[in-house]
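Descriptive analysis of the structure
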Amino acid sequence: MEITFIGAGNLAWHLAPALENAGHHVNEVYSRQLAHTRQLVSMLYDAQPHSELNFADSPSELFVLAVPDDAIEAICARLVLPANALLVHTAGSLSVDQLRQWIATYSDVPVRTGVFYALQTFSRGQSLLPFAQIPLCIEASDAESESQLVLMGQDMSQIVYLVNSHERLALHVAAVFAGNFTNHVMALAKTLTDAENLEFALLKPLIRETIRKALLADDPAEVQTGPARRGDEATLARHEYYLAPTPDLLQVYQVLTDSIGRT
């Protein structure tokens, strides 16, 4: 498939090369940050930087919006596409209906819409991730577009699902809990070790084993350990006493302790 990327950030850095490695071709890359555009283009076969959002003469049939959710409407308002192009966003929480409504409002030509959501965390500038084991969630406003996106996804990954907008929103919220919140809690743990001049590395074997057991379990709640799980009120009280000088950490500790206890 002939493809144009609108956006050259974290996701595009990984997705564009993965599509080319799967046999597709990226023609153009547009980004407001020219340096990012040039860096991404340099990783691709013969893609060209594009300086504006007018793609009326583009040879691409698929246009990938790899931009923050809150920028999509503003881009749609300026975007000029070839008639019957397929425009997809890559967001977890934005419905396909919303994208279709924006395009219907702003486009002078018919444009098909869809979603190509890779359920993974991406960081620009880091080693390319193997897409074979990354879940790809597909949705489209018509059957032909859905089929095209599914086939493209299957060229890249062994895990391709048709997921509607409500289900994708649920997955996105779950991903925030599983990924973003987990990482944040580990960062909070590091603030505690740093405050006592202890090495955060001392916690890494515990973190690895905790994640290993959670991934192997049918339900991570089944392998929960710790004083909240045991109902060890004396230990919980000592922990809260230690955290009293840092009210923000104490609040997080209490909320999570209460949640574990209720579970």
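Anyway, here's the lowdown on the structure attached to this text. (Residues numbered from 1 in each chain as written. Predicted model: local features only at pLDDT ≥ 70, side-chain atom pairs only at ≥ 80, totals over all residues. Heavy atoms only, no water.)

**Notes on the sheet that holds strand β5 (residues 86-89)**
Think of a sheet as strands paired side by side through backbone hydrogen bonds, with each pair either parallel or antiparallel. Rules: When DSSP locates at least two bridges between a pair of strands, those strands are taken to pair. For helices the rule is a DSSP run of H or I covering at least 4 residues; for strands it is a run of E covering at least 2, with both sets numbered from the N terminus onward. Helix axes are fitted to C-alpha atoms over the stretch in contact, other axes to C-alpha atoms as well, and angles between N-to-C directions run from 0 to 180 degrees. By definition in these notes, contact holds between two residues if any of their heavy atoms fall within 4.5 Å.
As summarised here, the arrangement of the eight strands in space is β3-β2-β1-β4-β5-β6-β7-β8, forming an open sheet in which the pairing is mixed. Each end of this open sheet is capped by a strand with a single partner; those strands are β3 (48-50) and β8 (160-162). Averaged over all pairs of adjacent strands, the angle between strand axes in this sheet comes to 25 degrees, irrespective of strand direction. Two strands pair when backbone bridges link them, and strand β2 (residues 25-30) and β3 are joined in this way by three bridges, in the parallel orientation. For Val-29, the partnering residue across the bridge sits in β3 and is Pro-49. Strand contacts of helix α2 (residues 34-42): β2 and β3, with the helix running at about 170 degrees to β2, the strand carrying the most contacts.

**Comments concerning helix α1 (residues 10-21)**
Put simply, the test is: Helices are assigned an expected span. That span is 1.5 Å times one less than the residue count. Remark: exposure states derive from per-residue accessible area (1.4 Å probe, protein chains only) relative to the maximum for the residue type, with buried under 20%, exposed over 50%, and partly exposed in between.
The end-to-end C-alpha distance of α1, which contains 12 residues, comes to 18 Å, matching closely the 16 Å that a straight helix rising 1.5 Å per residue would cover. Across the 12 residues that make up α1, a large majority, 10, are buried. Every buried residue of α1 is accounted for by Leu-11, Ala-12, Trp-13, His-14, Leu-15, Ala-16, Pro-17, Ala-18, Leu-19 and Glu-20. In this structure, the buried residues of α1 make contact with β1 (2-6), β2, α2, β4 (62-65), β6 (112-118) and α5 (143-156). Looking one or two residues past α1, Gly-23 carries a phi angle of roughly 100 degrees, positive in sign.

**What about helix α6 (residues 165-195)?**
Note the following rule: Working definition for bend: take the seven residues up to and ending at a residue and the seven starting at it, fit an axis to each, and measure the angle between the axes.
Taking 1.5 Å of rise per residue, 31 residues should cover 45 Å, and α6 covers 43 Å from first to last C-alpha, within 8% of that figure. If you look at α6, its biggest bend is around 30 degrees, right at Val-176. Of the positions making up α6, those classed as buried are Ser-165, Arg-168, Leu-188 and Thr-193. Tucked into the core, α6 has its buried residues touching β5, α4 (96-106), β6, β7 (136-140) and α10 (247-262).

**Re the packing of aromatic side chains**
So the rule is basically this: The aromatic pairing rule takes the rings of Phe, Tyr and Trp, using the six-membered ring of Trp, and pairs them if the centres are within 6.5 Å, calling planes under 30 degrees apart stacked, those over 60 edge-to-face and the rest tilted.
Within this structure, the stated rule accounts for three aromatic pairs. Seen in terms of ring centroids, Phe-177 and Phe-181 are 4.9 Å apart; in terms of plane orientation they differ by 70 degrees. Their pairing is edge-to-face. With Phe-177 and Phe-181 both in helix α6 and four residues apart, the pair spans about one turn of that helix. Judged by relative accessible area, which is 56%, Phe-177 ranks as exposed. The exposure class of Phe-181 is partly exposed, given its relative accessible area of 41%.

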